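A structural walkthrough
Each chain, written out:
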Amino acid sequence: MSSTNGSGSLPTYDVVIIGAGLGGIGAGVALRRAGIENFVIIDKWPKVGGTWLANTYPGVAVDVPSPVYNFSFQPRSRWSRLFAPGEELQRYAEEVVDKQGLRDKLRLGAGAVKGVFEEEHDRWRITLDDGHEITSRFTIGAVGGLEQPNNPDIPGIDKYDGKIMHTSRWDHDYDVTGKRIAVIGTGATALQLIPELARHAAQLSVYQRRAIWIAPKPDFPMGPVLNAALNFAPLQHTVRAVGNVGVNAGLGAGLAISNYPRVTSVGLSVAETALKAYLFSQVRDPELRRKLTPDYRFGCKRPSISNAYFKTFTRPHVDLVTDPIEHFTTTGIVSGDGRERDFDMVVCATGFKVMEKGYTPPYPIYGRDGVELGEFWDTNRFQAYQGVSVPRFPNAFLIVGPYAYAPGSYIPLIESTSAHAARAIKETLRRRATRIEIRQEPHDRYFARMDERAKKTHLFSQGCVSSNTYYINYQGDGAAFRPSTQLEMYWENRHFPLDDYRYTTTSVRALQDATS
């Protein structure tokens with residue numbers, strides 16, 4: 001083994017996992033199961049948990065039932081509620097790290113800012129934000145899709161003198177009690193946050209661009225009896241399996257029946273009728289109800305659940321603004337109707353940059369022949385074999401790559417792509433090769449299959465393109481999701497043909513180059 005700065009020809013580590021959220025933790029467990037021990041997990045944050053560490057805004061909670069949202073190899077039987085608050089998910093991440101013996105594999109407070117594949121040594125050189133460099137034979141990128149805040153580009157926002165923050169960078173030292181607050185955005189984050197802010201604010205104005213489809217949330221305290229029952233392993237695994245099927249069906253049903261447009265249309269209409277009925281039960285004012293009714297088909301965006309969101313807008317100090325924002329002033333916001341509202345605080349509940357140039361990945365990664373990954377995707381469209389591997393980027397794997405995520409819980413995705421990466425790395429080491437790279441033909445075949453399927457889904461056939469959904473990126477592709485069931489995602493990532501990859505060694509290539 002070489003020194004920690006990787007000055008010799010041998011890398012310091014077999015694998016560097018970038019990201020210590022649930023994706024990075026899952027990747028570490030998969031490597032251990034494959035018999036690979038020489039790896040490190042790095043992260044810019046001081047603790048593990050990723051999304052569940054960064055997002056601490058009031059009301060943050062998982063939107064998948066807690067008994068479902070955990071790893072198959074370490075189910076958790078203690079939850080305060082059916083939909084647990086975010087801090088419990090962060091604690092769960094800590095529990096997995098300890099039980100799986102990954103604590104000594106962590107290098108926290110040192111995130112990656114650059115990755116370069118050194119072709120002469122078949123290794124990756126990773127530059128960290130603390131100025132150090134580490135080298136590895138392989139890398140696994142486990143930076144989640146919900147990582148880079150999407151701060152709004154609104155004229156005058158830099159001149160605003162009040163408090164402004166993005167939901168993923170919440171300042172808990174700021175007291176919202178009695179304040180005049182604006183919230184920009186009405187997505188899945190906002191619907192958790194808005195009812196909480198309404199409890200404390202003197203005035204709350206919510207700026208909505210597009211309404212969101214919302215179903216009632218079957219949430220309740222778990223209590224000692226339910227938690228004790230879940231501690232019975234057969235029941236626990238059954239609940240997890242059935243729950244995952246249900247969540248996959250609820251979020252991905254439109255994708256599964258995409259080849260049957262009439263069935264899709266009828267199914268969407270039934271869902272929309274039910275959700276409109278729920279809205280009617282919560283809001284009787286017809287004008288307010290009209291504003292809260294989406295003007296796009298159900299499923300264009302990820303639907304959400306809440307028992308408090310709709311009723312919040314019936315409170316006298318809460319205002320729903322549907323006129324577009326024109327610009328900021330030093331004291332507030334001017335909307336399209338010319339009205340200026342002053343605020344003490346503005347909250348940007350504007351989501352994240354998903355599959356966008358310069359943000360996915362959030363730092364430059366240079367593969368074979370000096371190709372940069374973000375530039376490659378910008379030129380050639382976002383693509384990755386099984387959502388994991390990209391041509392011209394040897395020895396590199398992704399946990400949440402393009403066309404990786406079959407809608408449902410993120411945990412089966414993590415376990416699937418982690419298993420793929422670990423299997424590929426193990427095979428490379430078994431063959432005593434120093435380089436593995438996905439072959440162009442199987443990669444292109446997968447990309448064409450996913451692209452064709454995606455374009456047949458309701459996202460492209462039911463008017464979703466204009467809904468500003470993150471499922472469709474700036475290139476007009478549905479790269480943020482895998483148009484399949486999670487069962488297919490699970491199977492193909494574990495049983496892909498090993499010869500879909502090319503395996504080589506530095507010594508063999510040097511000989512080939514010398515004789516060519």
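What this report covers is the structure whose coordinates are included nearby. Computed from a prediction, not measured in an experiment: that's the story for all the values here. (Residues numbered from 1 in each chain as written. Predicted model: local features only at pLDDT ≥ 70, side-chain atom pairs only at ≥ 80, totals over all residues. Heavy atoms only, no water.)

1. Description of the overall build of the protein chain
Where we set the bar: Helical segments are the DSSP runs of H or I of at least four residues, strand segments are the runs of E of at least two, and each set is numbered from the N terminus. In this treatment the radius of gyration is a C-alpha quantity, and the globule benchmark scales as 2.2 Å times the residue count to the 0.38 power. Any residue under 20% of the maximum accessible area for its type is buried, any over 50% is exposed, and the rest in between are partly exposed; the area is computed with a 1.4 Å probe on protein chains only. By definition, residues are in contact when any of their heavy atoms lie within 4.5 Å. Accessible surface area values rest on a Shrake-Rupley calculation with a 1.4 Å probe, where residue burial reflects the displayed protein chains alone. Counted as positive: Lys and Arg. Counted as negative: Asp and Glu. His and the chain ends are not counted at all. To locate a charge, take atom NZ for lysine, CZ for arginine, CG for aspartate or CD for glutamate.
Looking only at helices and strands, the protein chain has 15 helices and 20 strands in total. On C-alpha atoms alone, the protein chain measures out to a radius of gyration of 24 Å, which is about the 24 Å that the 2.2 N^0.38 rule sets for 516 residues. For the C-alpha atoms alone, the extent of the protein chain along its principal axes is close to 80 × 50 × 45 Å. Here the protein chain holds 516 residues, and the buried ones make up 55% of them. Pairs at least 24 residues apart make up 71% of the contacts formed inside the protein chain by residues separated by at least 6 positions. Per element, the accessible surface of the protein chain, about 21800 Å² overall, is 53% carbon and sulfur. Once the 60 positive and 55 negative side-chain charges of the protein chain are each reduced to a mean point, those two points are 5 Å apart.

2. Concerning the side chain of Arg-210
The cut-off we apply is this: Here a polar contact is taken to be a pair of N or O atoms separated by no more than 3.5 Å, where protein atoms must pair a possible hydrogen donor with a possible acceptor and residues adjacent in sequence count only if both atoms sit in side chains.
Along the chain, Arg-210 turns up in the loop between strand S9 (203–207) and strand S10 (214–215). Within the local environment of Arg-210, its side chain forms a polar contact with the side chain of Asp-295, the two groups lying 2.8 Å apart. Beyond its immediate sequence surroundings of up to four residues, Arg-210 is in contact with Thr-186, Asp-295, Tyr-296, Lys-301, Ser-466 and Ser-467.

3. Here we look at helix H3 (residues 86–99)
This is how the line gets drawn: Take the residue count of a helix, subtract one, and multiply by 1.5 Å to get its expected span.
Here H3 contains 14 residues, and its C-alpha end-to-end distance of 20 Å stays within 8% of the 20 Å for a straight helix at 1.5 Å per residue. Taken together, the buried positions of H3 are Gly-86, Glu-88, Leu-89, Gln-90, Tyr-92, Ala-93, Glu-94, Val-96 and Val-97. Contacts from the buried residues of H3 go to helix H1 (22–33), helix H2 (51–54) and strand S3 (106–108).

4. Examining the packing of helix H11 (residues 410–430) against helix H14 (residues 486–495)
Counted only if it meets this: Comment: axis = line fitted to C-alpha atoms, over the contacting stretch for helices; angle = value between 0 and 180 degrees taken between N-to-C directions. With respect to orientation, any angle under 35 degrees is reported as roughly parallel, any angle over 145 as roughly antiparallel, any angle of 65 to 115 as roughly perpendicular, and every other angle as oblique. Crossing handedness follows the turn of the near helix against the far one: under a right angle anticlockwise gives a left-handed crossing, and clockwise gives a right-handed one. Classification used: nonpolar for Ala, Val, Leu, Ile, Met, Phe, Trp, Tyr, Cys and Pro, charged for Asp, Glu, Lys and Arg, polar for all others including Gly.
Between H11 and H14, whose axes approach to 8 Å, the crossing angle comes to 15°. With respect to H14, the element H11 is oriented roughly parallel. Helix-helix and strand crossings are classified by hand; for H11 and H14 the assignment is left-handed. Contact residues: H11 offers Pro-412, Leu-413, Glu-415, Ser-416, Thr-417, Ala-419, His-420 and Arg-423, while H14 offers Gln-486, Met-489, Tyr-490, Asn-493, Arg-494 and His-495. For the contact of H11 with H14, the per-class residue count stands at five nonpolar, six polar and three charged.

5. Focus: the packing of aromatic side chains
Convention followed: Classification of ring pairs rests on two measures: the distance between centres of Phe, Tyr or Trp rings, Trp counted by its six-membered ring, which must be within 6.5 Å, and the angle between planes, read as stacked under 30 degrees, edge-to-face over 60 and tilted in between.
Evaluation of the coordinates by the stated rule reveals 22 aromatic pairs. Consider the rings of Phe-71 and Phe-73, whose centres lie 4.7 Å apart with planes at 15°: the pair is stacked. Comparing Phe-71 with Phe-73 shows no difference in burial state: the two are buried. Where Tyr-309 meets Phe-310, the ring centres are 5.9 Å apart and the plane angle is 55°; that geometry is what we call tilted. Through pairs of rings, three or more aromatic residues link up here, namely Tyr-385, Phe-397, Tyr-446, Phe-496 and Tyr-501.

6. Details of the pattern of salt bridges
Condition: Think of a salt bridge as a Lys or Arg side-chain nitrogen and an Asp or Glu carboxyl oxygen that are within 4 Å of each other.
Overall, the coordinates contain 36 salt bridges when judged by the stated rule. Among the salt bridges present, the one from Glu-118 reaches Arg-125, with a minimum N-O distance of 2.6 Å. Among the charged side chains, a salt-bridge network with shared partners connects Arg-449, Arg-453, Arg-482, Glu-488 and Glu-492.

7. Regarding the sheet that holds strand S8 (residues 180–184)
Let me state the cut-off plainly: Strands pair, by our definition, only if DSSP identifies at least two bridges between them.
Overall, parallel pairing links the five strands, which are arranged S7-S16-S8-S9-S12 in an open sheet. Two strands lie at the open edges of the sheet, namely strand S7 (163–166) and strand S12 (318–321), each paired on one side alone. Here the strands of the sheet are splayed against their neighbours by 15° on average, with no regard to which way each runs. Alignment of S8 against S9, held across five bridges, turns out to be parallel. Across the sheet, the residue bridging to Val-183 is Val-206, located in S9. Contacts between helix H4 (residues 188–198) and the sheet are confined to S8, S9, S12 and strand S16 (345–348), with S9 contributing the most and set at about 160° to the helix.

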